[in-house]
Amino acid sequence: MLSDAERALRPAWRFPLLFFGAVAVAIAPLYYGHPADLPPFNFLWLMGLTVGAVLTQWWYTRRGRPAKLLPIVLWVILGFAPMLQRLDWLFYLWPFFVRNDFGLLAIGIGLIALAVHERSRFLWMLTLAYTTLATLGVVYDIENVYYDVLGLLGVRNQDIPYDLMHVTPVLLPGLLLLAGGLLTPRTASRMER
């Protein structure tokens, strides 16, 4: 059994990284084949963000560390944003909602708030890498990268894996979070060196 001092040295933010990474990886296969604008995407992201926020609060409490409410509130509130996109004042933000993967960006914004609270360089680097990758996946058309890279490798247009193009913007950030959660140092002292 861990003592309170040992538990305090262990980073509690490992759990949100693993959880939200698993959510993104689990949702990614649903993007296969560029499905039409389906409402379940928004609902799945909202459920993932809400459950992740509640479990993160529970995890921090279990670890004997008070969790800041800002990341938790951000995850829940931003989970509703795609459902509110039809409102006039959110209409101008349509590039964030067009691909049905705004949940990636919501996770990143919550992780930024968590990184501010935790003051860990490792978490900051991981959060910035994730948020950059997630933002590109949310607002940029990944097909352009496929065309350029596969074209340079000699792949003809008809041979490009179009069905996979919309999976990778969700899958790659999820895998990055999972890798970050698994590579999280075991103690706080090793994180800040």
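Everything numeric in this text was worked out from a predicted model, so none of it was measured.

Engineer: Just checking my understanding: could you explain a nonpolar patch on the surface for this structure?
Structural biologist: A contiguous nonpolar surface patch, about 510 Å² in accessible area, is contributed by Leu136, Val139, Tyr140, Val145, Val149 and Leu153. Sorting the residues of the nonpolar patch by element identifies helix H6 (121-139) and helix H7 (143-152) as the ones contributing at least two each. With respect to the element layout, Val139 can be found in helix H6. A residue is classified by how much of its surface remains accessible, and Val139, at 32% relative accessible area, is partly exposed.

Engineer: What am I meant to see in the packing of helix H2 (residues 14-27) against helix H8 (residues 168-183) here?
Structural biologist: Relative orientation and spacing of two packed helices are given, respectively, by the angle between their axes and the distance between those axes. Close contact between H2 and H8 brings their axes to 7 Å; oriented N to C, the two are set at 155°. Comparing their axes, H8 and H2 come out roughly antiparallel. Remark: the crossing between H2 and H8 carries left-handed chirality. Here Arg14, Leu17, Leu18, Phe20, Gly21, Ala22, Ala24 and Val25 of H2 come into contact with H8, specifically with Val170, Leu171, Gly174, Leu175, Leu177, Leu178, Gly180, Gly181 and Leu182.

Cut-offs and rules
Residues numbered from 1 in each chain as written. Predicted model: local features only at pLDDT ≥ 70, side-chain atom pairs only at ≥ 80, totals over all residues. Heavy atoms only, no water. Patch = residues over 30% accessible without salt bridge, like charges linked within 9 Å, V, L, I, M, F, W, Y side chains within 5 Å. Areas by Shrake-Rupley, 256 points an atom, 1.4 Å probe, with all protein chains shown as cover. Salt bridge = Lys/Arg side-chain N within 4 Å of Asp/Glu carboxyl O. Helix = DSSP H or I, 4+ residues; strand = E, 2+ residues; numbered from the N terminus. Buried < 20%, exposed > 50% of the residue type's maximum accessible area, 1.4 Å probe, protein only. Axes fitted to C-alpha atoms, helices over the stretch in contact; angles between N-to-C directions. Parallel < 35°, antiparallel > 145°, perpendicular 65-115°, else oblique. Left-handed = near helix turned anticlockwise from the far one by under 90°. Contact = heavy atoms within 4.5 Å.

Read these as geometric descriptors, not functional statements.
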